[in-house]
Structures are given as C-alpha cells and as structure tokens.
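As a plain string of letters, each chain reads:
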Amino acid sequence: MNAILRGVRVIDPLGRLDAAGQDVWVDGGKILAIYHHIEAAGVPVVDLTPADGADACVLCPSFIDLHAHLRQPGDDEAETLESGSRAAAAGGYTHVVAMANTMPPIDTPERVAEARLAASNLPVSILQVAALTLGLEGVALVDIRRCIEAGAVALGDDGRNGVSPRQLAIALAETAHLSRAVFVHPEDEEMIAQANATQGPVTRSPIRPVATETRAVNLAIRALSHARTGNLHLQHLSCEGSVASLRRARHQGLAVSAEVTPHHLSMWVPVAEEPDPQALRKVNPPLRAERDRVALVQALREGLIEAVATDHAPHRAAEKALAYGDAAPGMIGLETALATCITIGGMGGEWLATLVERMTVGPYRILGPGSGIPEPRLRIGEAATCTLFDPAAEWTVGASPLQSRSRNTPLLGATLRGTVLLTMSGGHVIHRDPARVPVTSEQVGSA
Ligand SMILES: [Zn+2]
C-alpha cells in the first residue's frame, strides 16, 4: 500500500507519542514518515481530517487480545481459526491468545504443537495457551515445561477453575523459571455447585454470586504469595470486591495482573431491555451491578487493571436458544471490543489514549518477553503492524455481516461509535474499510 493518511491523531504509548493533525505516509507496508504535513508527487492522499470539533481518526499499534475462544478443534460450526482471525483483523487485532478449552483441550505438548501448526498462515497471529491441568479437570498438572517448549504462550484452564491453591502455587513456581504467566479464571467451582441445585456442568450453572469470584481471586492471590515467585494473571474481573483484592495484592508487591472485558465495562443487570433470547447476555462471570461496572472502569483508567481482553466466546445459535439456565455462557467480542469500550465502556473521549494503551502495551507486558510478540510500536521504516480507527463513526452491530461465524452478542442491533478502518500486520493489509480508505487493490496488494 502506498498512500498518505492525512489529518490523523497518532498514539504510540511506548514511544510516548500522542500527536493530533499528523500525516502518515505508508509505502510498501512500511511507515515512511509521520509529519504534520506531507506532500509527495503521485502518492494518493486519504484525507481523514476531522470536521471542526470532531474526534480525529487514530493510528496506533495494532491490538493484542489476551483472551479468545476460537473453537477449533471441536466446534467449527461456531468458529474456526480462519473466521476468528478475520473477526480479529476487523476489530483491529493482529495478535490473539487462544484459550485451551477446545475439544479436545490443548493439554499436552503434542496438542500445543498441533494447535500452533493449525494456526500458521493466518492473517492474524494466534498464540496458544496450554491448559494448566489435564482435561482442565483441576487434578493433575500438565507437563508445563514441555508445553512451553512446544510454544505455549501461557498456562491456564480458562472456562474452568478446579485447580487447588497448592497445585496453583507449584505451577506458578515452575512457570516463573520459564518466563510465562499463569492465567486464572477466578470463579470458585465449589461455591457455584452449592449455589446451583442442578446436576448440570458447572460451566452452565446460572447462579454465580460475587462471592464466588472474590473467593477465587483471594485464593489465587494467596497461592501466589505462597509460591513467592511467578506471574499470576486474573482473567475477566467482574466485581468491585475483586478490584479491592487486586489493589491489596499490588500494595503488597505481588506480581499479579488483571484484565477486564468490554462487556463487563459496559453492561450490567438489571438491563434496560432483555435480549432475545435472554441467554445472549449469559456469560461467566455474569454481568453484575452498575457499581461493579463503575469500579472496573475506574480500575482500568488508573492502570490497576492493565488490559482489556475480549473473552470472545462464539456459540452456535442453538446453544443460546435454550432456557437461560441451560444455555452456553459467553458472547462474541472481537469485532465490537473497541466500539463497546468507546461508546458504553467509559473509555471514549479523554480516555482514548488510555484505552489504546490497555489494548496494546498492557496485554504485551502481561504476556512478557517470552511471547515472541514484537513490541507494539510505530517505527519509521519498519513493516507496519498498526490499526487505524475512527472513534466517532457510528455503525449498527450486525447490520452488515460479522466476520465471526457466530452472532451471539446482546449488542446485535445496537448503534455504537468506533470503526476500524485499517489493520496492518507485518506490512500486510489484513483489514480495510474500502469506503474510508479507498486505495486501489494494486496499492493494497503491494506488501
Ligand atoms: Zn474465563
């Protein structure tokens, strides 16, 4: 691609750059120059200059998602690596961390290697988490060393949390030597089983009070303090109490990080209008009260929570059409993450640069240097890995087909602000809005 993107705001958190009114010249997949005005003979100009007082389009390093379920192997009808990676590119992501709870689960070095092979040659880099315990059953730890040698970017039983604090401490100590974090889905399975009279799987049990999460958060933090080493990462925090526990642990100097999802930043119950089917809002952990949502937004703004992670969880329509108690938990999120955070997640306006940091540098730091992800930076003369978005442009979710194979989001039909205009990975255009970035296919084709 060879074009000058005119009048954009350039945000590069690690480069300490946040500059409005810039022209960005992209040629041959590289950013050739960023300057307040660029003219180059014969180079097409894509004029993105905002109207007076309007928010400018933003060019920033591309997004990194710490948490996605891509359903392959096992449920190609809900999602494939291919469709999931197209959804990611449309959402501005170039790196996506895939969870291990596929069918079969990724719980051996051989399966890690297979998953990595299956994910090669996609437009987006898919990084694989290995399960922490065999079958995610919480009993026997996987062969941690060999799973990491096979390419696992982190360890974690996401979806489940059956591991004992003692086993978790052992895992934290072992992964510390190998520079990987342990991801924990903090919901106490014993308490959930007690709260729900059903015999069904704990993953679908609908009653999950805040105490089920805060207890699991506290146990995981205690395991970390016993291990005295390792990096604990708490997934999808959903309540005020968890934020308080996280804050205490940080004050004690413990190496614990956390993520929040766009849906927990933006939605709460009681909802204004129930989605149809109602189970479209069923997710683990559940959407909670407004005060919880406010605490999460505040924690993300101040950096106590370092990352936004989608927990993209596609499901076949039939899995969501069941009665609320029986339906599968989770919602898709890769294509709506940015707009959700901007429009209803408290991260638009003056918080936009912070949001960019939490979707790029935050996740990068949590994964650590062992991830192999290039530093999220905008570097002149290097192959561009970047995202261009318009924080003010409105769109209606689902009005044009989503890239994901699934449509399970309560946001269907909602009008949000924030559209991704261009995503580039390693110099290649992997997503482009042809109406807003109208360069010829020839110009796009050149790497
Ligand atoms: Zn989870």
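So, how was this worked out
- For every chain, the first residue of the written sequence is number 1, and numbering continues from 1 onward in sequence order.
- Where totals are concerned, whole chains, interfaces and linings use all residues; where local detail is concerned, this predicted model gives features only for residues with pLDDT of at least 70, and gives and counts side-chain atom pairs only at 80 or more.
- Only heavy atoms go into the side-chain values, all of them from the structure, while hydrogens and water stay out.
- By the convention used here, strands pair only if DSSP detects at least 2 bridges between them.
- Secondary structure is summarised from DSSP: a helix means a run of H or I of at least four residues, a strand means a run of E of at least two, and numbering begins at the N terminus for each.
- Note on exposure labels: buried denotes an accessible area under 20% of the residue type's maximum, exposed denotes more than 50%, and partly exposed covers the range between, all computed with a 1.4 Å probe on protein chains only.
- Call a crossover right-handed when, viewed with both strands pointing away from you, the route from the first strand across the helix to the second goes clockwise.
- The donor set covers N, O and S atoms within 2.8 Å of the metal, switching to 3.2 Å for Na, K and Ca, and it leaves out water, so a site may look short of donors.
- Ring pairs shown here join Phe, Tyr and Trp side chains whose ring centres sit within 6.5 Å, with only the six-membered ring taken for Trp; geometry is labelled stacked below 30 degrees between planes, edge-to-face above 60, and tilted in between.
- What makes a nonpolar core is a set of buried Ala, Val, Leu, Ile, Met, Phe, Trp, Tyr and Cys residues whose side-chain atoms join them at distances within 4.5 Å.
- Residue ranges assigned to the domains are those given by an automatic or database domain assignment.
- When two components associate, each loses some accessible surface as probed by a 1.4 Å sphere; the sum of these losses over both components is called the buried area.
- A 3.5 Å cut-off defines polar contacts: any pair of N or O atoms within that distance qualifies, except that in protein one atom must be a possible hydrogen donor and the other a possible acceptor, and neighbouring residues in sequence count only when both atoms are side-chain atoms.
- Any residue that is not Ala, Val, Leu, Ile, Met, Phe, Trp, Tyr, Cys, Pro, Asp, Glu, Lys or Arg is counted as polar, Gly included; the first ten are nonpolar and the last four charged.
- In this description, a line fitted to the C-alpha atoms serves as the axis of each element, helices being fitted only across the stretch in contact, and the angle between N-to-C directions of two axes falls anywhere from 0 to 180 degrees.
- Working definition: roughly parallel below 35 degrees, roughly antiparallel above 145 degrees, roughly perpendicular at 65 to 115 degrees, and oblique for all remaining angles.
- Each crossing gets its handedness from the near helix: less than a right angle anticlockwise from the far helix is left-handed, clockwise is right-handed.
- The criterion used for residue contact is that any of the two residues' heavy atoms lie within 4.5 Å.
- An expected span of 1.5 Å times one less than the residue number is assigned to each helix.
- Each salt bridge in this description consists of a side-chain nitrogen of Lys or Arg and a carboxyl oxygen of Asp or Glu lying within 4 Å of one another.

Regarding the sheet that holds strand 12 (residues 256-260)
Working step 1: Read across the sheet, eight strands follow the order 6-7-8-9-10-11-12-13 without closing on themselves; strand pairing throughout is parallel. For this open sheet the edge positions go to strand 6 (63-68) and strand 13 (307-308), each flanked by a neighbour on one side alone.
Working step 2: Pairing of strand 9 (residues 154-156) with strand 10 (residues 181-184), which is carried by two bridges, proceeds in the parallel orientation. If you follow Gly-156 over to strand 10, its bridge partner there is Phe-183.

Examining the environment of Ala-131
Working step 1: Topologically, Ala-131 is positioned in the loop between strand 8 (125-130) and helix 3 (144-149).
Working step 2: Put simply, Ala-131 and Leu-155 are 24 residues apart on the chain and 5.6 Å apart in space, counted from C-alpha to C-alpha.

Thoughts on the pairing of strand 10
Working step 1: A two-sided burial pattern is seen for strand 10, the buried positions comprising Ala-181 and Phe-183 on one face and Val-182 and Val-184 on the other.
Working step 2: A crossover links strand 9 with its parallel partner strand 10, the connecting element being helix 4 (residues 165-177), and its sense is right-handed.
Working step 3: In this sheet, strand 11 (residues 231-234) lies alongside strand 10 in parallel orientation, the contact comprising four bridges. Bridged to Ala-181 within strand 11 is Asn-231.

Let's talk about the coordination of the zinc ion
Working step 1: Looking at the metal site, the zinc ion is ligated by Asp-158 (OD), His-185 (ND1) and His-236 (NE2), spaced 1.9 to 2.2 Å from it.
Working step 2: All donors of the zinc ion come from a single chain, and their spacing in sequence reads D-x26-H-x50-H. Here His-185, found in the loop between strand 10 and helix 5 (189-195), pairs with His-236, found in the loop between strand 11 and helix 7 (240-251); they are 51 residues apart in sequence, far enough to count as distant.
Working step 3: For His-185, a relative accessible area of 4% gives the class buried.

Topic: the pairing of strand 16 (residues 428-432)
Working step 1: Bridge analysis of strand 15 (residues 415-425) against strand 16 gives four bridges, and the strand direction is antiparallel. Looking at strand 16, one finds that Met-424 is bridged to Val-429.
Working step 2: A loop of two residues connects strand 15 with strand 16, the two strands running antiparallel in sequence, and Gly-426 in this loop sits at a positive phi of about 55°.

Regarding the packing of aromatic side chains
Working step 1: For the structure on display, the rule yields two aromatic pairs.
Working step 2: Ring centres 5.6 Å apart and planes at 70° place the aromatic pair Phe-63 and Tyr-93 in the edge-to-face group. With Phe-63 in strand 6 and Tyr-93 in strand 7 (residues 93-98), this pair connects stretches of sequence that are 30 residues apart. Grouping residues by exposure puts Phe-63 and Tyr-93 together as buried.

A few points about the nonpolar core
Working step 1: In this structure, Leu-168, Leu-232, Leu-234, Ile-305, Leu-355 and Phe-389 are the most contacted members of the largest nonpolar core, which totals 76 residues.
Working step 2: Examining the composition of this core, we find that six residues originate from one element, helix 6 (residues 210-227), more than from any other.
Working step 3: Taken together, domain 1 (2-59 + 380-445) and domain 2 (61-371) each give at least three residues to this core, which thus spans both.

Notes on the domain arrangement of the protein
Working step 1: Domain annotation for the protein reports domain 1 (2-59 + 380-445) and domain 2 (61-371).
Working step 2: Of note, the centres of domain 1 and domain 2, computed from C-alpha atoms alone, are 28 Å apart.
Working step 3: Interface of domain 1 and domain 2: buried area, both sides summed, is about 3,300 Å²; carbon and sulfur atoms make up 67% of it.
Working step 4: In terms of surface lost to domain 2, no three residues of domain 1 exceed Gln-403, Arg-405 and Asn-408, which account for 20% of the buried area on that side.
Working step 5: Here domain 1 is connected to domain 2 by 16 residue pairs in polar contact (both at pLDDT 80 or more).
Working step 6: Elements that contribute at least two residues to the side of domain 1 that touches domain 2 include exactly strand 1 (2-12), strand 14 (386-396), strand 15 and strand 16.
Working step 7: When residues of the side of domain 1 that touches domain 2 are assigned to their parent elements, the largest contribution, eight residues, is made by strand 15.
Working step 8: Looking at the side of domain 1 that touches domain 2, its residues break down into 16 nonpolar, twelve polar and six charged.

Here we look at the packing of helix 6 against helix 7
Working step 1: Taken N-terminus to C-terminus, the directions of helix 6 and helix 7 make an angle of 15°; their axes are 9 Å apart at the nearest point. Here helix 6 is positioned roughly parallel relative to helix 7, judged by the angle of their axes. Handedness of the crossing formed by helix 6 with helix 7: right-handed. Two secondary-structure elements touch here, helix 6 through Glu-213, Thr-214, Val-217, Asn-218 and Ile-221 and helix 7 through Gly-241, Ser-242, Ser-245, Leu-246, Arg-248 and Ala-249.
Working step 2: When the residues that make up the contact of helix 6 with helix 7 are grouped by side-chain class, the tally is four nonpolar, five polar and two charged.

Things to note about the packing of helix 7 against helix 9 (residues 290-302)
Packed helices, taken two at a time, are described by the angle their axes make and the gap between the axes.
Working step 1: It is the contact of helix 7 with helix 9, at a shortest axis distance of 8 Å, that shows an interaxial angle of 30°. Contact residues: helix 7 offers Glu-240, Val-243 and Arg-247, while helix 9 offers Arg-291, Asp-292, Ala-295, Leu-296, Ala-299 and Glu-302.

A few points about helix 9
Working step 1: End to end, helix 9 covers 18 Å across 13 residues, agreeing with the expected 18 Å (1.5 Å per residue, within 8%).
Working step 2: Of all the positions in helix 9, only Asp-292, Arg-293, Ala-295, Leu-296, Val-297, Ala-299 and Leu-300 are classed as buried.
Working step 3: Positive backbone phi, approximately 95°, marks Gly-303, located one or two places after helix 9.

Let's talk about the pattern of salt bridges
Working step 1: Considering all chains together, one arrives at 23 salt bridges under this definition.
Working step 2: Salt-bridge contacts for Asp-107 lead to Arg-111; the nearest nitrogen and oxygen are separated by 3.0 Å.
Working step 3: The class for Arg-111 is partly exposed, based on a relative accessible area of 28%.
Working step 4: With its nearest N and O atoms 3.2 Å apart, the salt bridge here joins Arg-146 to Glu-110. Pair noted here: Arg-146 is in helix 3 and Glu-110 is in helix 2 (residues 109-118), with a separation of 36 residues, a long-range link.
Working step 5: A relative accessible area of 40% places Arg-146 in the partly exposed class.

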